[in-house]
Amino acid sequence: MSKEILYVVETVSNEKNLDPADIFEAVEIAIATATRKKYGAEQDFRVDIDRETGDYNTFRRWEIMDDENPDFESPERHILKSYADDRKLGLEIGEFLEEEVESIKFGRITAQIAKQVIMQKVRQAERQKVADAFQDQVGQIVLGTVKRVDRRGIVLDLGENSEAIIPRDQMIPREMARTGDRMRGILLEIDEEGRGGPRMIVSRVDEEFLVELVKLEVPEIGQDLIDIMGAARDPGSRSKIAVRANVPNLDPVGACVGMRGSRIQTVTNEMNNERVDIIPWDDDIARFVINAMQPAEVLSIVIDEDKKSMDIGVDEEMLAQAIGKGGQNVRLASQLTGWTLNVMSEEEAENKTRSEQGMLVALFADKLEVDEEVANILVEEGFASLDEVAYVPAEEFLKIEEFDEEIVEELRSRARNALLALAITGEGGKPAQDLLEMRGMNNALAQLLASKGICTMEDLAEQATDELLDIDGIDDEEQAAKLIMIAREPWFAEAKAESEENSDKSTADKASNV
C-alpha cells in the first residue's frame, strides 16, 4: 500500500499541477476518516504519512481542555487539563494527547472515501490556485466564455482551468446568454468562504463595470486627459456617467461619445443596449445637477444645504421627461450627484418657495417685531433663521442696500434677545435633527415650528391640526394634517411591535398550557 500511496500522490500532482504536500494531506484526511468509520465517529484520529516511503502511522488523540470550558463535549475527544497535570503529561490547553493505534488496511469502502476526500481537496486546491492568480484583477474586467447557465446564474470559463460565476442578481435584466457566448464582466470579489473553496464573483450590473468599459474605449482617460467623476446605473435600461477634462479645449463628452457615437455605442452593445448618458462634470453643484437632469431643461433650483436636497422646477410639458419612466431620470441624477432631487413643475416650485418664504416672513415679523417689508428683505437676502440674523457678521448685513449700521445693529440685537427669551422660557429654540430630516419638512417650516416650541418630531406628533393652523405662516390644512401623521409614524410602529410581542407571548402561553 505504501507504493500505491506514493503513486497516487505523484499521479494526481502531475495531472492537476498541484503541490504534492496538498495531496499527501488529502490522503491523510481520507485514511483518518475511514479509521473513524471503523472505530467510531465520536473519536478523533490523526494519520502521518512518511513522504519518502509512503508508510503511515495512525494516532488516536484527545484535545486538552480547560476544566471550566463550557465547550467540553465528551471524553471520547477531550480530556481536562487537571487530568493531564495529574499524570504529568506536560501538555497545555489546546494541545493534543496522542496514542498510536493499529492502522487500518485499505478496502473498497476505504478507497472510496479516500477518493472523495482527495477529489474534494484537489478541487479546493485548484480553486485556491486560480483565485490567487486572479487576486490582482479584482475590480478589473475579465473576459470569458459562457460554460453553462443554471438557476444560480452564468458560469464563465476564463481559460486555464479557471471558472467564475455571474450570480442572478449580478446579471443584466432580460439578457439572454447561450453556451459558447463571449461575455465580459467586472471581477467583483473572490469569495473565500464559498462552498468547495474560493469562488470568483463577476458582475455585469455594478457601476464600475460601466466605468471600466468606458476606460477601454476612450484612450484619453488612460492618458489622464479625462477623468471619470462618477456613474449611476439602472442596469439594462439606462445609465449616467460624469466626466471632466483636465486640459483646456478638450470636449470630454465628445471624446467619450466618439465619432458618430462609435465609442459609446460599443459600450452600449456590451451592456445589452443599455442607454448611456455622458454628463459634463461641474464644480458648481447646481450646474452639475442641471447637467445631470438632461435631457430635461431645468428652469429653477432651490438648494437646501442642511438636508442636501434640491427642489428642481421644470416646464409642465417636460415634467414627465424630467422624472423619467418610473422616476428613472431623477433617480439616476440623484445617485450621480449625491443630492436628493425633488422634481416639480415650475408653478409648483414657485408655490412651494412662496409658502416657505411666507413662513420665514411670519417668523421674522413675530420674533423681531418688524413689519412685513423688512421681514421680506431678510428672506430675499437668504436669511433662514434667527441665528443667522443674530450672528451673521455685520459686514455681510451692510451689503443690503436698504439697511444702514443702525438698522443692522437693531436687528441683530432683537434677534439675540429673541433667542435668549426663547431659551429662558423654553417656548422655542432650534429645531432638532429629527424634525429637520423628517419627510415633508423644510428648513423654513422647521424654524417656524421651533419658534413656537415644537422642536422635535415628538412635539409635532402631540399637536392637533387646528393648533398648527393657529400659527401665522401655516394655512394649508391638508399639509398640517399630513405632517402630524408623519410625525406620529414612530408611535404606530411602536404600537404594532408591542401588539406583535403580546400576540407571540399569548401564543407561547397557550402552547405551554397545552
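Structure: above.
The structure contained in this document is the topic of the report that follows. (Residues numbered from 1 in each chain as written. Predicted model: local features only at pLDDT ≥ 70, side-chain atom pairs only at ≥ 80, totals over all residues. Heavy atoms only, no water.)

1. Concerning the sheet that holds strand 15 (residues 340-345)
Inclusion rule: Strands are labelled as partners when DSSP assigns at least two bridges between them. Numbering goes from the N terminus for both helices and strands, where a helix is a DSSP run of H or I of at least four residues and a strand is a run of E of at least two. Note on geometry: axes are lines fitted to C-alpha atoms, helical ones only across the stretch in contact, with angles between N-to-C directions running from 0 to 180 degrees. In this analysis, two residues are considered to be in contact whenever any of their non-hydrogen atoms come within 4.5 Å of each other.
Reading across from one edge, 13-14-15 is the order of the three strands in this open sheet, with mixed pairing throughout. Of all the strands in the sheet, the pair left with one neighbour each is strand 13 (298-304) and strand 15. Mean inter-strand twist for the sheet, computed between neighbouring axes without regard to direction, equals 20°. As defined by bridge partners, strand 13 adjoins strand 14 (residues 309-314) across six bridges and the pair is classed as antiparallel. Pairing of Ser-300 across the sheet is with Gly-313, part of strand 14. The sheet contacts of helix 9 (residues 285-292) involve strand 13, strand 14 and strand 15, and relative to strand 13 the element is tilted by about 135°. Sitting on the sheet, helix 12 (residues 346-368) touches strand 13, strand 14 and strand 15, and the angle it makes with strand 15 is about 110°.

2. Digging into the packing of aromatic side chains
The following threshold applies: In this scheme Phe, Tyr and Trp rings, the latter by its six-membered ring, pair at centre separations within 6.5 Å, and the angle between planes marks the pair as stacked below 30 degrees, edge-to-face above 60, and tilted otherwise. Comment: the charge-over-ring label is applied if NZ (Lys) or CZ (Arg) is within 6 Å of the ring centre and within 35 degrees of the ring normal.
For the structure on display, the rule yields one aromatic pair. Centroid distance Trp-281 to Phe-288: 4.5 Å. Interplanar angle 50°. Geometry classified as tilted. The positively charged end of Arg-61 is found above the aromatic ring belonging to Phe-96, 4.1 Å away from the centroid.

3. With respect to the pairing of strand 1 (residues 45-49)
For the record, the criterion: Here's how the labels work: a residue is buried when its accessible area is under 20% of the maximum for its type, exposed when over 50%, partly exposed in between, all with a 1.4 Å probe on protein chains only.
The side-chain alternation of strand 1 yields one buried face, formed by Phe-45, Val-47 and Ile-49, and one unburied face, formed by Arg-46 and Asp-48. When strand 1 meets strand 2 (residues 56-65), the two strands line up antiparallel, connected through five bridges. When the bridges of strand 2 are listed, Arg-46 appears paired with Phe-59. The antiparallel hairpin formed by strand 1 and strand 2 contains six residues in its connecting segment, where Gly-54 sits at a positive phi of about 90°.

4. Thoughts on the sheet that holds strand 10 (residues 226-234)
With mixed pairing, the three strands of this open sheet are ordered in space as 10-11-12. Both edges of this open sheet fall to strand 10 and strand 12 (275-280), since each of them pairs with a single strand only. Pairs of neighbouring strands in the sheet enclose a mean axial angle of 20°, with direction left out of account. Note: strand 10 against strand 11 (residues 238-245), eight bridges, orientation antiparallel. By the bridge assignment for strand 11, Ala-231 is matched with Ile-241. Docked against the sheet, helix 5 (residues 207-217) engages strand 10, strand 11 and strand 12, running at close to 140° with respect to strand 10. Against the sheet, helix 9 makes contact with strand 11 and strand 12, and its axis sits at roughly 155° relative to strand 12, the strand it touches most.

5. Description of helix 21 (residues 477-487)
Since there are 3.6 residues in each turn of an α-helix, residues three or four apart along the chain are aligned in direction. Using the following cut-off: Arc definition: directions from the helix axis to the C-beta atoms.
If you check which residues of helix 21 are buried, you get Ala-480, Leu-483, Ile-484, Ile-486 and Ala-487. Buried residues of helix 21 fall within an arc of 160° about the axis and therefore sit on the same side. With respect to the buried face of helix 21, the exposed residues turned more than 90 degrees away are Glu-477, Glu-478 and Lys-482.

6. Quick notes on helix 9
Rules: As used in this structure description, the phrase polar contact means that two N or O atoms lie within 3.5 Å; if the pair is within protein, one of them must be able to donate a hydrogen and the other to accept it, and residues adjacent in sequence are counted only when both atoms belong to side chains.
For helix 9, every residue scored as buried is listed here: Ala-286, Phe-288, Val-289, Asn-291 and Ala-292. Buried residues belonging to helix 9 abut strand 11, strand 12, strand 13, strand 14, helix 11 (328-337) and strand 15. In this structure Asp-284 caps helix 9, since a side-chain oxygen of it lies 3.0 Å from the backbone nitrogen of Ala-286.

7. A word on a nonpolar patch on the surface
Formally: Here, patches come from residues exposed beyond 30% relative accessible area and free of salt bridges, joined within 9 Å for like charges and within 5 Å for nonpolar side chains (Val, Leu, Ile, Met, Phe, Trp, Tyr). In this description, accessible areas are obtained by the Shrake-Rupley approach with a 1.4 Å probe, and a residue is regarded as covered only by the protein chains that are shown. Put simply, a salt bridge is a Lys or Arg side-chain nitrogen that is within 4 Å of an Asp or Glu carboxyl oxygen.
Taken together, the side chains of Met-485, Trp-491 and Phe-492 make up a nonpolar region of the molecular surface, amounting to roughly 300 Å² of accessible area. Tracing the chain through its elements places Phe-492 in helix 22 (residues 489-513).

8. What to know about the packing of helix 12 against helix 13 (residues 372-380)
Cut-off, in case you're wondering: Here the word oblique covers every angle except those under 35 degrees (roughly parallel), over 145 (roughly antiparallel) and from 65 to 115 (roughly perpendicular). By convention, the crossing between two helices is left-handed when the near helix turns anticlockwise from the far helix through less than a right angle, and right-handed when the turn is clockwise.
In the contact formed by helix 12 and helix 13, the axes pass within 8 Å of each other and the chain directions differ by 125°. Put simply, helix 12 runs oblique to helix 13. The interaxial crossing formed by helix 12 with helix 13 has right-handed handedness. Each of Gln-357, Leu-360, Val-361, Phe-364, Ala-365 and Leu-368 in helix 12 lies in contact with helix 13, whose residues at this interface are Glu-372, Ala-375, Asn-376, Leu-378 and Val-379.

9. Topic: the nonpolar core
Threshold: Working definition of a nonpolar core: buried Ala, Val, Leu, Ile, Met, Phe, Trp, Tyr and Cys residues. They are joined through side-chain atoms within 4.5 Å.
In terms of nonpolar packing, the biggest core is built from 46 residues, with Phe-364, Phe-397, Phe-403, Met-441, Leu-449 and Leu-460 touching the most fellow members. Among the secondary structure elements, those contributing two or more residues to this core are helix 12, helix 13, helix 14 (386-391), helix 16 (405-425), helix 17 (433-436), helix 18 (443-451), helix 19 (457-461) and helix 21. Ranked by the residues each element gives to this core, the list is headed by helix 12, at six residues. Once residues within four sequence positions are removed from consideration, Met-441 is found in contact with Lys-307, Leu-435, Leu-436, Ala-446, Leu-449, Leu-460 and Leu-483. Counting residues in hydrophobic clusters, the runner-up holds 22 residues, among them Ile-141, Val-211, Ile-226 and Ala-255.

10. A few points about the environment of Ser-82
Relative to the assigned elements, Ser-82 resides in helix 3 (residues 81-86). Each C-alpha atom, one on Ser-82 and one on Pro-235, is 63 Å from the other, the two residues being 153 residues apart in sequence.

11. Concerning unusual backbone geometry
Cis peptide bonds are those with omega within 30 degrees of zero, and the linkage from Gln-294 to Pro-295 qualifies with 10°. Of note, Pro-295 is situated in the loop between helix 9 and strand 13. In the Ramachandran plot, Arg-260 falls in the positive-phi region, its phi being about 55° despite a non-glycine side chain. Note on placement: Arg-260 falls in the loop between helix 7 (252-257) and helix 8 (262-270). The phi dihedral of Asn-273 falls on the positive side, at around 65°, and the residue is not glycine. Along the chain, the position of Asn-273 falls in the loop between helix 8 and strand 12.

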